[in-house]
Amino acid sequence: MTFSRFISISIFLLVIHFSLFIMGSNHAAADITTLSIIPQPVEMIIGSGSFVIQPDTQIVASDDAAAEAVKLIDALAPATGFRLKHLGAATRDGNLISLSIDSELQDNLGDEGYSLDIKVNRIELKAYKPAGLFYGIQTLRQLLPPDIYRHAPVQGVAWTLPCASIIDYPRFEWRGLLIDPARHFIPKQDMMRYIDAMALHKFNRLQIHFTDGQGWRIEIKRYPLLTEIGSRWHNSMSQKSDLGRIYGGFYTQDDIRELVRYGAEHYVTLVPEIEMPFHAGAAIVAYPKLGFDPEILAALPIEQRREKAGNLVVPRPYTIEFMKNVLDEVIEMFPSPHIHIGGDEAQADRWATVPEMQKQMKELGLADVHELHSWFIKQVDAHITSRGRKLVGWDEILQGGLAEGATVMSWRSMAGGLEAAQVGHDVVMTPTSHTYFDYPQSKTEPVSIGANPVPLDKVYTFEPVPVELNTGLIKHILGGQAQLWGEYIPCEQHREYLTYPRACALIETVWSPKESLNYEQFITRLASHLKRLDAAGIHYRTLDHDAK
Ligand code: ACM
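About the criteria used
Residues numbered from 1 in each chain as written. Predicted model: local features only at pLDDT ≥ 70, side-chain atom pairs only at ≥ 80, totals over all residues. Heavy atoms only, no water. Helix = DSSP H or I, 4+ residues; strand = E, 2+ residues; numbered from the N terminus. Rg over C-alpha atoms; globule rule 2.2 N^0.38 Å. Buried < 20%, exposed > 50% of the residue type's maximum accessible area, 1.4 Å probe, protein only. Contact = heavy atoms within 4.5 Å. Areas by Shrake-Rupley, 256 points an atom, 1.4 Å probe, with all protein chains shown as cover. Phe/Tyr/Trp six-rings, centres within 6.5 Å; stacked < 30°, edge-to-face > 60°. Lys NZ or Arg CZ within 6 Å of the ring centre and 35° of its normal. Polar contact = N/O pair within 3.5 Å; in protein donor to acceptor, adjacent residues only side chain to side chain. Expected span 1.5 Å × (residues − 1). Pairing = 2+ DSSP bridges. Right-handed = clockwise from strand over helix to strand, strands pointing away. Salt bridge = Lys/Arg side-chain N within 4 Å of Asp/Glu carboxyl O. Axes fitted to C-alpha atoms, helices over the stretch in contact; angles between N-to-C directions.

Helices and strands together make up the secondary structure of the protein, namely 21 helices and 17 strands. Its C-alpha radius of gyration of 25 Å places the protein within 12% of the 24 Å reference for a compact globule of 548 residues. Seen along its three principal axes, the alpha-carbon backbone of the protein occupies a region of about 80 × 50 × 50 Å. Here the protein holds 548 residues, and the buried ones make up 59% of them. The contacts of the protein with a sequence gap of at least 6 include a subset with a gap of at least 24, amounting to 73%. Element-wise, carbon and sulfur atoms account for 54% of the exposed surface of the protein, whose accessible area totals about 21800 Å².

On to the packing of aromatic side chains, then. Taken as a whole, this structure holds 17 aromatic pairs when the rule is applied. Ring centres of Phe 210 and Tyr 251 lie 5.8 Å apart, and the angle between their planes is 75 degrees; on these two criteria the pair is classed as edge-to-face. With Phe 210 in the loop between strand S9 (205-209) and strand S10 (211-212) and Tyr 251 in the loop between helix H8 (239-242) and helix H9 (253-265), this residue pair connects regions lying 41 residues apart in the sequence. Taken as a pair, Phe 210 and Tyr 251 share a single burial class, namely buried. Members of the aromatic cluster, joined through ring pairs, are Trp 394, Trp 411, Tyr 436, Tyr 439 and Trp 485. Taking NZ or CZ as reference, Lys 202 lies 5.6 Å from the ring centre of Trp 511, over its face. In this structure, Arg 205 packs its charged tip against the face of Trp 174, placed 4.6 Å from the ring centre.

Moving on to the side chain of Thr 319. Among the structural elements, Thr 319 can be located in helix H13 (residues 317-333). Using a relative accessible area of 0% as the deciding quantity, one classes Thr 319 as buried. Here Val 314 takes part through its backbone oxygen, which lies 2.6 Å from a polar atom of the side chain of Thr 319. Each residue touching Thr 319, except ones within four places of it in the same chain, is listed here: Lys 289, Leu 290, Val 313, Val 314 and Phe 376.

Attention shifts here to the side chain of Thr 80. Within the element layout of this structure, Thr 80 appears in helix H3 (residues 66-80). If near-sequence neighbours (up to four positions away) are discounted, Thr 80 is found in contact with Ile 148 and Trp 159.

Below, the discussion takes up helix H5 (residues 130-143). Here H5 contains 14 residues, and its C-alpha end-to-end distance of 20 Å stays within 8% of the 20 Å for a straight helix at 1.5 Å per residue. Most of H5 is tucked away: 13 of the 14 residues are buried.

So, about the environment of Thr 160. Looking at the secondary structure, you find Thr 160 in strand S7 (residues 160-168). A relative accessible area of 27% places Thr 160 in the partly exposed class. On a C-alpha basis, the gap between Thr 160 and Leu 144 in space is 5.9 Å, while along the polypeptide they are 16 residues apart. Non-local contacts of Thr 160, meaning those with residues more than four positions away in its chain, are made with Ser 50, Phe 51, Val 52, Leu 143, Leu 144 and Pro 145.

Burial runs high along strand S8 (residues 174-179): 6 of the 6 residues are buried. As defined by bridge partners, S8 adjoins S9 across 4 bridges and the pair is classed as parallel. Residue Leu 178 lies in a different strand from S9, and its bridge partner there is Gln 207. With respect to chirality, the unit in which S8 leads through helix H6 (residues 188-200) into the neighbouring parallel S9 is right-handed.

Side-chain alternation along strand S2 (residues 58-61) places Gln 58 and Val 60 on one buried face and Ile 59 and Ala 61 on a second face that is also buried. Both S2 and strand S3 (residues 85-87) contribute to a ladder of 3 bridges, which runs parallel. Each bridged residue has a counterpart across the sheet, and for Val 60 the counterpart in S3 is Leu 87. With H3 bridging S2 and its parallel neighbour S3, the resulting β-α-β unit is right-handed. Bridge count for S2 against strand S4 (residues 96-101) is 4 bridges, and the pairing is parallel. In the sheet register, Gln 58 faces S4, and the bridge partner there is Leu 96.

Next up on the list: the pattern of salt bridges. Taken as a whole and judged by the stated rule, the model has 25 salt bridges. Of the charged contacts in the structure, one is a salt bridge between Arg 150 and Asp 147, with a shortest N-O distance of 2.8 Å. The class of Arg 150 is partly exposed, set by a relative accessible area of 35%.

With that settled, consider the sheet that holds strand S14 (residues 390-394). Taking strand neighbours around the barrel as the criterion, the 8 strands line up as S8-S9-S12-S13-S14-S15-S16-S17 in a closed arrangement whose pairing is parallel. If you compare each strand with its neighbour and ignore which way they point, the axes differ by 30 degrees on average. Across the sheet, helix H15 (residues 369-386) lies against strand S12 (269-276), strand S13 (338-342) and S14, angled at about 150 degrees from S14, the strand it touches most. Packed onto the sheet, helix H16 (residues 415-422) meets strand S15 (407-410), strand S16 (427-429) and strand S17 (477-484) and runs at close to 160 degrees relative to S16.

As structure tokens, then:
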């Protein structure tokens with residue numbers, strides 16, 4: 001935060017606090033545990049008394065806040081059983097909820113912040129941008145009884161919110177989760193359900209790992225065999241856990257557009273990941289010219305191709321052209337500023353054995369396969385940049401020299417991210433140690449891919465900014481993200497079990513002020529928060545799981 005932003009926020013808070021004082025509220029020190037908001041807001045003062053939402057409560061919103069006002073009405077309707085009226089201006093004083101966009105609030109709240117002021121007869125929600133109103137609505141819902149998350153009317157509940165004054169904005173702009181339909185296809189409805197739960201927690205990026213050796217899950221019109229052939233397989237790695245069920249399936253371009261729209265309505269940007277040059281087996285089987293020994297591969301029946309194809313493409317001109325064409329369609333479908341190209345785990349040594357690649361390296365003046373790997377990523381980076389987007393890749397893209405505009409996801413440790421930020425690249429921290437939610441939550445868990453548990457308390461200690469990073473470069477740390485690789489996640493219920501409550505811990509590390517993090521207090525709030533997840537029907541690992 002800049003000094004001027006700090007000063008203006010301080011003045012803003014003073015004004016808000018003083019107005020609470022003169023309206024005669026009990027000026028108690030904020031007791032954030034009683035309200036159990038997750039992620040914990042930046043600043044909160046609890047007043048006395050409460051606001052009651054009733055069937056005739058008016059929702060008042062100017063035109064620029066109208067879309068969010070409708071979302072508030074939609075969010076309240078299922079459990080309360082009433083649809084509140086939405087008006088441009090109040091028809092009477094009292095018992096109204098006002099939503100407004102205020103262009104003066106940029107310095108105080110940024111693009112995603114909000115202020116929420118709850119008095120006995122009026123709730124004021126303000127933000128600089130609609131995203132802030134959306135997050136204010138999420139907080140407002142958490143202040144109501146947990147039953148508000150139920151999907152059908154609940155009788156006999158008073159829909160009250162405590163009087164309070166809240167100022168809130170995120171610490172980081174990238175608050176992500178990754179899911180993996182390449183390994184087990186995820187039906188569209190499950191994706192939407194996952195986005196709903198993300199929005200409830202103020203996550204704003206969903207990275208989708210669409211392609212791998214086990215399957216290609218996104219329609220590319222120019223290369224129809226990618227899905228005709230590449231989307232129909234078993235996930236061989238999880239046979240132990242799911243007994244060889246077939247997980248075929250892919251998203252049509254219309255499905256993708258629907259999902260992108262759904263994400264946008266929830267302020268969740270969908271970030272596509274199209275893997276290259278490794279984890280590309282499904283593409284090679286469909287289009288053998290991408291791989292080693294293309295003529296031999298092409299002559300084999302599909303199932304034998306699968307055995308022989310491997311996962312690594314050969315960076316010949318055909319492959320580069322192919323990937324650029326694929327990315328053009330992907331970019332057309334996804335408005336995300338960031339396009340993820342994988343880049344991880346390529347054992348590129350085999351390229352050195354291909355005469356065609358030896359010649360290519362010589363012509364390009366490349367010393368070894370690491371430089372060839374880097375050259376390949378740079379070709380893709382230049383293409384993505386030429387389309388006005390930014391390439392993101394796993395930290396192996398540092399090897400042999402980083403492409404100019406690339407953003408790095410640091411997964412093997414925080415070191416790659418530190419190295420990239422030190423030379424001015426943007427970074428999202430995604431270390432296995434704290435953010436691999438496909439790893440088990442303790443030593444006694446269902447079969448999973450990871451050996452080392454990533455328990456809840458460890459997630460809460462996640463700090464995306466390495467201590468070694470100079471203050472001036474901290475801006476390059478965009479935030480953090482948890483990964484739910486899908487090899488051992490055959491269904492939505494298990495994905496949710498692995499996600500929650502660890503995602504509740506993670507979101508505090510990327511939203512709430514660092515100084516305010518306190519694990520004991522978090523656990524107290526979490527116990528109440530889990531009642532919300534119960535009401536919403538979201539699965540999670542119970543806090544007493546190990547004791548059972
Ligand atoms: C990764 O887990 N291979 C990024």
